[in-house]
Amino acid sequence: MTPHRRLIPAVLPSIALPSTSLPSTSLRATLTRSALACLMVAGMAAPVLAASPALEQQHDDLAEFQVIAHRGASGHAPESTLDAFSLAQDQGADYLEMDAQLTADGKLVVFHDDDIERTSDGSGAINDHTLAELKALDVGSWFNEAHPQRADTAFAGARMATLEEVFDAFGYDARYYIEVKSPELNPGLEEALLAKLKEYEMIQSGRVLVQSFNRSSLLELHQQSPALPLVQLLWYYPDDESEEEDGRLEEWTGVTPGPNRIEDADFEAIADYAVAIGTNVRYDGKAVIDADFVHQAQDNDLRVHVYTANDHDDMQQLLDWGVDGIFTNHPDRLIELTR
Ligand code: G3P
Ligand code: CA
């Protein structure tokens, strides 16, 4: 792992001046509909939407299949730690997936759960603790206890990472797929995240995708920073109250109807602010999406990323459907299948 402490912007001399030419064909295919419309109306002069070559390259790369390391290589190392991200990078993942949250004193940390019990030796809500309190926790030993076959003494005593520490560790050598996690529990998270991305020039350097289940959070980010590529997360589950056989599928926050009731307009509405959807493939072991769903989303200008596939058969099924990326705890397995 190469240290990148405060190297920015020296490590990225190629950050571009606002473009005055038409976006490339591939960029057109992945720019959100509203961003493209603004560019056209503004005669390509809107600097806020101008794409640097690095950002164009990121959009181009999204046309290829993406290996997304879910909380790092979390099948091999304690999730969301620098060890897990370092391993994912070594394995060749395209994106390091992580969840951003705010501490009680307003610092951005990388952590998945709302509570700290499962993956630390502390207790309570993450947002009730200051960064100093969270830094005193051991977020690695639980992994050794839960996965003795993959235990490593080096994991014991691992510390929770701030987003800044992740950026300092990997700089522009990695791409980051950052979730605005539980925004209702993390008021101000969107603003804090955007400020940190700007401080590190992560957007124009084509290094970041921001994902959320919360459409309002994404819309706020899109308004503040139209060039920031966004991913609308979806989670389909069967409504037990439904009289339909096996339950009628619904989406958790109502962003779309269930997959078998989705219309093009539902995907078009997402494509107004996002470049991709990130969706679950199964609920309770049963598939909730299929190849038609994938193709319909793609036909409406959305890349389709799917979470979380860890075994060979699941990965192969999704590849056969033509998905554009897979979130996995085992990037090494997915890379073996795809490269
Ligand atoms: O962010 C994609 C996927 O990670 C969503 O699920 O619960 O692992 O954050 P979760
Ligand atoms: Ca996540």
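As shown above, the structure is provided for reference.
This one's a predicted model, so the numbers in the text were calculated from it and none came from an experiment. (Residues numbered from 1 in each chain as written. Chains lettered and ligands numbered in written order. Predicted model: local features only at pLDDT ≥ 70, side-chain atom pairs only at ≥ 80, totals over all residues. Heavy atoms only, no water.)

Visitor: In this structure, what is going on with the pattern of salt bridges? I would like to understand it.
Guide: Note on pairing: side chains with opposite charge can pair once their charged atoms come close. Evaluated as defined, the whole model comprises 13 salt bridges. Of the charged contacts in the structure, one is a salt bridge between Arg118 and Asp113, with a shortest N-O distance of 2.8 Å. Among the salt bridges present, the one from Arg261 reaches Glu250, with a minimum N-O distance of 3.5 Å. Here the residue Arg261 occupies a position in the loop between strand S8 (248-251) and helix H10 (264-271), and Glu250 occupies one in strand S8, the gap between them amounting to 11 residues. Judged by relative accessible area, Arg261 falls into the partly exposed class, the value being 26%. Each member of the salt-bridge network shares a partner with another, and the members are Arg71, Glu79, Asp113 and Arg118. (Salt bridge = Lys/Arg side-chain N within 4 Å of Asp/Glu carboxyl O. Helix = DSSP H or I, 4+ residues; strand = E, 2+ residues; numbered from the N terminus. Buried < 20%, exposed > 50% of the residue type's maximum accessible area, 1.4 Å probe, protein only.)

Visitor: In this structure, what is going on with the coordination of the calcium ion (ligand 2)? I would like to understand it.
Guide: For a metal with four donors in a tetrahedral arrangement, the ideal angle between donors is 109.5 degrees, while six donors in an octahedron ideally sit at 90 or 180 degrees. Binding of the calcium ion (ligand 2) to the protein goes through Glu97 (OE), Asp99 (OD) and Glu179 (OE), at separations of 2.2 to 2.4 Å. Each donor residue of the calcium ion (ligand 2) lies on one chain, and together they are spaced E-x1-D-x79-E. Note on Asp99: relative accessible area 1%, which makes it buried. (Donors = N, O, S within 2.8 Å, 3.2 Å for Na, K, Ca; no water.)

Visitor: Before we go on, may I ask you to explain the pairing of strand S13 (residues 325-328) in this structure?
Guide: Looking along a regular strand, one sees the side chains alternate between the two faces of the sheet. Residues Gly325 and Phe327 point to one face of S13 and Ile326 and Thr328 to the other, with burial holding for every one of them. Across 4 bridges, the pairing between strand S1 (residues 66-69) and S13 is parallel. Bridge assignment links Ile68 to a residue of S13, and that residue is Phe327. In this sheet, S13 lies alongside strand S12 (residues 303-307) in parallel orientation, the contact comprising 2 bridges. Of the residues in S13, the one forming a bridge with His305 is Gly325. At this point the chain moves from S12, through helix H12 (residues 312-321), to the parallel S13, and the crossover so formed is right-handed. (Pairing = 2+ DSSP bridges. Right-handed = clockwise from strand over helix to strand, strands pointing away.)

Visitor: In this structure, what is going on with the side chain of Ser217? I would like to understand it.
Guide: Note on placement: Ser217 falls in helix H9 (residues 215-224). Given a relative accessible area of 2%, Ser217 falls into the buried group. Among all residues touching Ser217, those that are not within four sequence positions of it are Val180, Pro183, Glu190 and Ser212. (Contact = heavy atoms within 4.5 Å.)

Visitor: Help me out: how do you make sense of the site of ligand 1 in this one?
Guide: Around ligand 1, a shell composed of His70, Arg71, Glu97, Asp99, His112, Glu179, Lys181, Gln211, Phe213, Leu233, Tyr307 and Phe327 is seen. In this structure, His70 approaches ligand 1 through a side-chain N or O atom, which is 2.7 Å from an oxygen atom. Here Arg71 contributes a side-chain N or O atom positioned 2.7 Å from an oxygen atom of ligand 1. The fraction of the free accessible surface of ligand 1 (280 Å²) that becomes covered by protein chains is 89%. By residue class, the composition of the shell around ligand 1 is 4 nonpolar, 3 polar and 5 charged. (Near = heavy atom within 4 Å. Polar contact = N/O pair within 3.5 Å; in protein donor to acceptor, adjacent residues only side chain to side chain. Areas by Shrake-Rupley, 256 points an atom, 1.4 Å probe, with all protein chains shown as cover. Nonpolar A, V, L, I, M, F, W, Y, C, P; charged D, E, K, R; others polar.)

Visitor: For this particular structure, what's the right way to read the environment of Arg333?
Guide: Tracing the sequence through the fold places Arg333 in helix H13 (residues 331-338). A relative accessible area of 40% means that Arg333 is categorised as partly exposed. Along the chain, Arg333 and Gln91 lie 242 residues apart, while their C-alpha atoms are 9.4 Å from each other. With sequence-adjacent residues up to four places away left out, Arg333 is seen in contact with Asn310 and Met315.

Visitor: Just to check I follow, could you spell out unusual backbone geometry for this structure?
Guide: Of all residues except glycine, most have a negative phi; of all peptide bonds, most are trans. In the segment running from Tyr307 into Thr308, the intervening peptide bond is cis, with an omega of -20°. Phi is positive for Ser80, close to 65°, though the residue is something other than glycine. Among the secondary structure elements, Ser80 is positioned in the loop between S1 and helix H4 (82-91). Residue class for Ser80 comes out buried when judged on its relative accessible area of 5%. The phi torsion at Asp284 lies on the positive side, around 50°, for a residue other than glycine. Inspection of the secondary structure puts Asp284 in the loop between strand S10 (282-283) and strand S11 (286-287).

Visitor: I'm lost on the packing of aromatic side chains in this one. Help?
Guide: Think of a pair of aromatic rings as described by two things: how far the centres are apart, and how the planes are tilted against each other in angle. Evaluation of the coordinates by the stated rule reveals 14 aromatic pairs. Considering the side-chain rings of Trp142 and Phe143, the 5.8 Å spacing of their centres and the 90° angle between planes classify their relative orientation as edge-to-face. Arranged with centres 6.0 Å apart and planes meeting at 90°, the rings of Tyr307 and Phe327 form a pair that is edge-to-face. Of this pair, Tyr307 sits in strand S12 while Phe327 is found in strand S13, placing the two residues 20 residues apart along the sequence. For the pair shown, Tyr307 and Phe327 are each scored as buried. Each member of the aromatic cluster is reached from another via a ring pair, and the members are Tyr95, Tyr177, Phe213, Trp235, Tyr237, Trp252, Tyr283, Tyr307 and Phe327. (Phe/Tyr/Trp six-rings, centres within 6.5 Å; stacked < 30°, edge-to-face > 60°.)

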